[in-house]
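As a plain string of letters, each chain reads:
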Amino acid sequence: MEAVREWALRLDGVEPGRAVRAEGAVPREALLQLADRVRRWHEAQRPADIELEVEPGVVLQRRWVALDTVGVYVPRNLISTLVMCAVPAQAAGVRRIVVCTPPSGAAMIADAADALGLDEVWAIGGPQAIGWLAYVERVDKIVGPGNDYVNEAKLEVSRDVPIDLPGGPSEVVVLGDGDARLVELELAAQREHGHDAVCRTVETLEEAEAIAPEHLVLLGDAERYADQVRNAGSVFVGPWSPVPAGDYATGGNHVLPTNGWARSVGGLGLETFMKPLTVQRLTKEGLQRIAPTVEALAAAEGLPAHAEAVRRRA
């Protein structure tokens, strides 16, 4: 706690503390419209629990349970990002959601949080906020984008607390020979995220796949490629599907992989805030049935106590 206080004073110039809400700071109707769409889309993603009797008397169950506590980092003033992180956590059934955001703009985030039914918003920004969530609040997982310093802090604490994914500069790749004006509008929108935003046009799907961008916009003969894409955070198909629609209104999550991570991971979803739990039930007869398998493999691996634990029961 003292280290967080020291760095908060040094970097933010203020003591860490609860954010004070500025009533009326956010367009509440638009915020709640977005939250409703995000909630409905993420609730539809709920994975099914499964149960299988793999052998007579040997039953396996895999059920999904919500995380207990989640820390959400919200960059300055990004109320839409609060929705993208907190609403899926609520839909998953997370018991406690702790929000951190830079002091400048914290009143706005606190007002948005109030609209969403959240009451733990801390005016702490930067790497010290990640340390606060990991080692003071001791949440079960940390989610949310941030600048280079925040991302480095997330990677540093990930040895102790799981994170969603590290984020880099915003990315958009436009594929297709559509209206040049639409292409420029998409590129200009991403440039608003900073000078280091990646804004590219490509001529082939192979080029786009090699980049594995955060956002992939398909223009021209868009439907030709839509079902072929494998490497992208989110795909926007056709001239009526601009990326900002996904940022602010469709309900799709805008916390997405960057820096090529889309080759192996996706963006935030309901399962980000859940974990699968495996339950195994054996009857005496079931254990007797599989005991020879255990004994043979335990002997091959030189683990006689494993075999004995089964033999004494069977």
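Our structure is the block above this text.
Presented here is a report on the structure given in the accompanying data block. Every chain is numbered independently, its residues counted from 1 as its sequence is written. The predicted nature of this model means local features are confined to residues of pLDDT at least 70 and side-chain atom pairs, given and counted, to a pLDDT of 80 or more, with totals for whole chains, interfaces and linings taken over all residues. By convention in this description, side-chain values take in all heavy atoms of the structure and omit both hydrogens and water.

Attention shifts here to the pairing of strand β4 (residues 96–101). Along any regular strand, the residues point their side chains to alternate faces of the sheet. Within β4, five of the six residues are buried, which leaves the element mostly enclosed by the surrounding structure. As paired elements, strand β3 (residues 69–73) and β4 share five bridges and run parallel to each other. In the sheet register, Gly71 faces β4, and the bridge partner there is Val98. A crossover counts as right-handed when, viewed with the strands pointing away from the observer, the path leading from the first strand over the helix to the second turns clockwise. A helix here means a DSSP run of H or I that spans at least four residues, while a strand means a run of E at least two residues long, and both kinds are numbered starting from the N terminus. One crossover worth recording links β4 to the parallel strand β5 (residues 121–123) by way of helix α4 (residues 106–116), and it is right-handed. Exposure is judged per residue with a 1.4 Å probe applied to protein chains only, and the accessible area is read against the type maximum: over 50% gives exposed, under 20% gives buried, and values in between give partly exposed. At least two bridges found by DSSP between two strands is the condition for calling them paired.

Bringing helix α5 (residues 126–136) into the picture now. Burial analysis of α5 places eight of its eleven residues in the buried class, which makes it a mostly covered element. Turning to α5, its buried residues are Gly126, Gln128, Ala129, Ile130, Gly131, Trp132, Leu133 and Ala134. Note on α5: the residue one or two positions beyond its end, Arg138, has a positive phi of about 50 degrees.

On to the sheet that holds β5. Strand order across the open sheet formed by four strands is β5-β4-β3-β6, with parallel pairing between neighbours. Unpaired on one side and paired on the other, β5 and β6 (141–143) mark the two borders of the sheet. Going from strand to strand, the sheet's axes swing by 25 degrees on average, the running direction of each strand aside. With axes taken as lines fitted to C-alpha atoms, and helix axes fitted only over the stretch in contact, angles between N-to-C directions fall between 0 and 180 degrees.

Turning our eyes to something else, we now look at the side chain of Gln61. Turning to its location among the elements, Gln61 is positioned in strand β2 (residues 58–66). A relative accessible area of 17% places Gln61 in the buried class. Two residues qualify as a contact provided that any one of their heavy atoms is within 4.5 Å of a heavy atom in the partner residue. If we ignore the near neighbours within four places in the chain, the residues touching Gln61 are Ile50, Glu51, Leu277, Thr278, Val279 and Arg281.

The next point concerns the nonpolar core. Note on terminology: a nonpolar core comprises buried Ala, Val, Leu, Ile, Met, Phe, Trp, Tyr and Cys residues joined through side-chain atoms within 4.5 Å. Ranked by internal contacts, the top residues of the largest apolar core, which has 40 residues, are Val72, Leu82, Val83, Val99, Leu118 and Phe273. Where this core is concerned, the elements lending two or more residues are α2 (28–43), β3, α3 (79–92), β4, α4 and β5. Looking at this core element by element, the count peaks at ten residues for α3. When sequence neighbours within four positions are dropped, the list of residues in contact with Leu118 reads Leu82, Ala86, Gln90, Ile97, Val99 and Ala113. Membership of the second largest hydrophobic core comes to 18 residues, among which are Val4, Ile142, Ala153 and Ile163.

Here the focus is the sheet that holds strand β8 (residues 198–202). Overall, parallel pairing links the four strands, which are arranged β8-β7-β9-β10 in an open sheet. At either margin of the open sheet sits one strand with a lone partner, and together these are β8 and β10 (234–237). Across the sheet, the mean angle separating the axes of adjacent strands is 15 degrees when strand polarity is ignored. In this sheet, β8 lies alongside strand β7 (residues 171–175) in parallel orientation, the contact comprising five bridges. Following the sheet pairing, Glu171 is matched in β8 by Val198. The strands that helix α7 (residues 180–191) touches are β7, β8 and β9 (215–218); relative to β7, the one it contacts most, it runs at about 175 degrees.

When the charged atoms of two side chains with opposite charge come close together, those side chains can pair. Salt bridge, as used here, is a side-chain nitrogen of Lys or Arg placed within 4 Å of a carboxyl oxygen of Asp or Glu. Evaluated as defined, the whole model comprises 13 salt bridges. Between Arg21 and Asp111 there is a salt bridge, with its nearest N and O atoms 2.8 Å apart. Placement of Arg21 in the loop between α1 (2–11) and α2 and of Asp111 in helix α4 is noted, with a sequence separation of 90 residues between them. The class for Arg21 is partly exposed, based on a relative accessible area of 34%. Asp111 sits in the buried class, given a relative accessible area of 1%.

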